[in-house]
Amino acid sequence: MSLKTLITGAAVAASLATVATVGAADTAAVPANPLLVPWSGPYGGVPAFDKAKVEYLKPGLEAGMAEALAEIDRIAANPEAPTFENTLAAMERGGRMLDRVITVYGIYSSTLNDEAVQAVEREMAPKLAAFSDQITQNEALFKRIAAVYETRETSGLTPEQQRLAWLQYTNFVRAGARLDAQAKQQLSVINQRLAGLYTKFGQNVLADENDQQLVIETEADLAGLPGTVRAGAAQVAESRGQKGRWVIANTRSSVEPFLTYSDRRELREKVWRMFVNRGDNGGATDNNAIITEILQLRAERAKLLGYETHAHWRLENSMAKNPARAMELMEAVWTPAVARVHEEVADMQAIADKEGAGIRIEPWDYRYYAEKVRKARYDLDETEITPYLQLENLREGMFYMAQQVFGLHFKPVDPAKVPVYHPDVRVWEVNDPKGNLVGLWYFDPYARKGKRSGAWMNAYRPQERFDGDVKTIVSNNSNFVKGSPGEPVLISWKDAETLFHEFGHALHGLSSNVNYPSLAGTRVARDYVEFPSQLLEHWLSTPEILDRYALHYQTGKPIPQSLVDKIRNADRFNQGFDTVEYLSSALIDMKLHLAGAQPIDPDKFERETLAALGMPSEIVMRHRTPQFNHVFSGDGYSAGYYSYLWSDTLTADAWEAFTEAGGPWDKTVAKRLRDHVFSVGNTLDPADGYRAFRGRDAGIAALMRKRGFPVPPAAAPAAAKSK
Ligand SMILES: [Zn+2]
């Protein structure tokens, strides 16, 4: 997710990237704030994290916004007739000071979040929303953009310039540029209120993640946990002033291994309840009332903008184009996935019965008994794999992959040369085969207090070339539990896939080869952006990566072929669970945003909708509504969580392009992938890019094969067809 999307809402994401020029006079007006000065140092300048402080954020954002608005006014008031150059290119050139401050602000928000940062967020989020509206509601500016857009095919613009004109024009229209003054005013009030609610929502989830934990006092309560999980829990305890005990933090990376291995059923239930009730505990951090208000405001806004629902508004410029097509895909996968869950539960129940457990499988048992089924059926024990999955080796494996498939070479940067915002962060420079600089990659792997959970990529600086060659800076962030000093960090197979996934986003950013920053790298449609990242996950299980990089942390020996075979055999194992866990969240998201303006009680809506869908009682949504940050801490993935499935239809189909040819390392397919997908950013319609890569549209068949579900007859929904 890009920071700009996070902060401003996707509707105007591109417009923020594109405002105002840095005037020397303006910069000089606030000389004391280091966030305002252009980045200096090597690699075309790097963020001055060594000088950044929370107290610079607010004045920095204010100065950046003021300068951007002044520049917008200059562009809008230009007496010359509107041209691409004096309007859209001028907007692309501008807003650089604000871009820089927002980059640092986003990093503080997501990875260094404390009370001081939260106070800035609460104050600045509505102001940033108002700022966005001020730009999209600038009538003189919109007239110029519209003029450039309307003459785009006859004024000698390149295809990329025409695409930018289309994007800016539609973004402005979708953000209300054509409304009358009163409606614009109403819209702006809604946007500011929403921005405040999004901030509060995210802060509430973070508070429950930070403040709740399971403290384990005795070794007996660790029963079943492998050594690495115990060591991680001891480490967390120590970092929270509980040395000698063990702490299961209320984050996914701590909770999931516990639920997978702990023999103590009552503790599993406790941890499970703690995790699935984030944001749903009553009191100051409860998100239910916030959700109700967000949904109502979104419905109101959609009406104001002339759309049937928020979902219709959100999907208009996506690859799916409308909610019906997204629903069609989700429903096609839902039924076979639920059927598979019932089979999985039956297998688990049989094991529990055989062991004489005397239980019925509950949601806090799923991961635990699934692990037993895996052992029984595939002779595969996750704890056998983990010793081979050393974080740093896998990182080297990703670099190898990047070199082979993308021609990108990674080289560590001398820490003295590039400042970082936390000692855990490391930086690599990335070069092409000729040794030319491509960009920088920042890596922030470990969980800590104040860092939001999950894993993500962002671009500190997008690639661009229209006005001088600017190299991109991207980062990958995750929440691995840091081991004891000097000990290798061992991760699960799932986490290894996530590592490759986020690296896919990074490669998407690094491969960018476009002219205009608003079209660069990962700034593509939401339901397309997960395709490059999901595709990357597939290289993890290739023999070339496993033989070289999956080395046992004690013996240094590569993972044995027999174990690799077992991993491959178990490839489709638990797909019922994975799919239903995800898809239930995606369906709730879409249905919440198709429900219109009726007041919604989130708990009731969730309960009744899941019942109507036939949600298996043994599974809970991957993100229950009160903690669904994707959907409620910003507009970004609202009515958009389906995107992962949409993208996966492309992913599965694209992977078959490799397997049908020479395999994962096939140079010809790799070149097509770079040329038509990874390097083009948003310079063309993603459906066209995909077709150029694959020679045809993607259907649903490869997706179903990938997940081990029955492939429907040929007439089934051609999921990812765009036109
Ligand atoms: Zn992703």
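Nothing here was measured: the structure is a model prediction, and the numbers come from that model.

What counts as what
Residues numbered from 1 in each chain as written. Predicted model: local features only at pLDDT ≥ 70, side-chain atom pairs only at ≥ 80, totals over all residues. Heavy atoms only, no water. Phe/Tyr/Trp six-rings, centres within 6.5 Å; stacked < 30°, edge-to-face > 60°. Helix = DSSP H or I, 4+ residues; strand = E, 2+ residues; numbered from the N terminus. Buried < 20%, exposed > 50% of the residue type's maximum accessible area, 1.4 Å probe, protein only. Lys NZ or Arg CZ within 6 Å of the ring centre and 35° of its normal. Donors = N, O, S within 2.8 Å, 3.2 Å for Na, K, Ca; no water.

Caption draft 1: Representation of the packing of aromatic side chains within the structure. Summed over all chains, the structure comprises 39 aromatic pairs. When the centroid spacing of 5.5 Å and the interplanar angle of 45 degrees are considered together, the rings of Phe 201 and Phe 632 count as tilted. Of the two residues, Phe 201 sits in helix H10 (residues 181–211) while Phe 632 sits in helix H26 (residues 629–632), which places them 431 residues apart along the sequence. With respect to burial, Phe 201 and Phe 632 carry one shared label: buried. Taking 5.0 Å as the distance between ring centres and 85 degrees as the angle between the ring planes, the aromatic pair formed by Phe 628 and Tyr 641 counts as edge-to-face. Taken as a pair, Phe 628 in the loop between helix H25 (602–613) and H26 and Tyr 641 in the loop between H26 and helix H27 (643–660) lie far apart in primary sequence, 13 residues in all. Take Phe 628 and Tyr 641: they sit in the same class, and that class is buried. Within the aromatic cluster, the residues linked to one another by ring pairs are Phe 399, Phe 410, Trp 428, Trp 441, Phe 443 and Phe 503. Directly above the aromatic system of Phe 275 lies the positively charged group of Arg 278, at a separation of 3.8 Å from the ring centroid. Sitting over the ring of Tyr 637, Arg 526 keeps its end group 4.2 Å from the ring centre.

Caption draft 2: Local environment of the coordination of the zinc ion. The coordination sphere of the zinc ion, as far as protein atoms go, consists of His 501 (NE2), His 505 (NE2) and Glu 530 (OE), spread over 2.0 to 2.1 Å. For the zinc ion, all donor residues lie on one chain, and their spacing in sequence is H-x3-H-x24-E. You can see His 501 sitting in helix H20 (residues 493–510) and its partner Glu 530 sitting in helix H21 (residues 526–537), a full 29 residues away along the chain. As far as burial versus exposure is concerned, His 501 and Glu 530 are alike and both buried.

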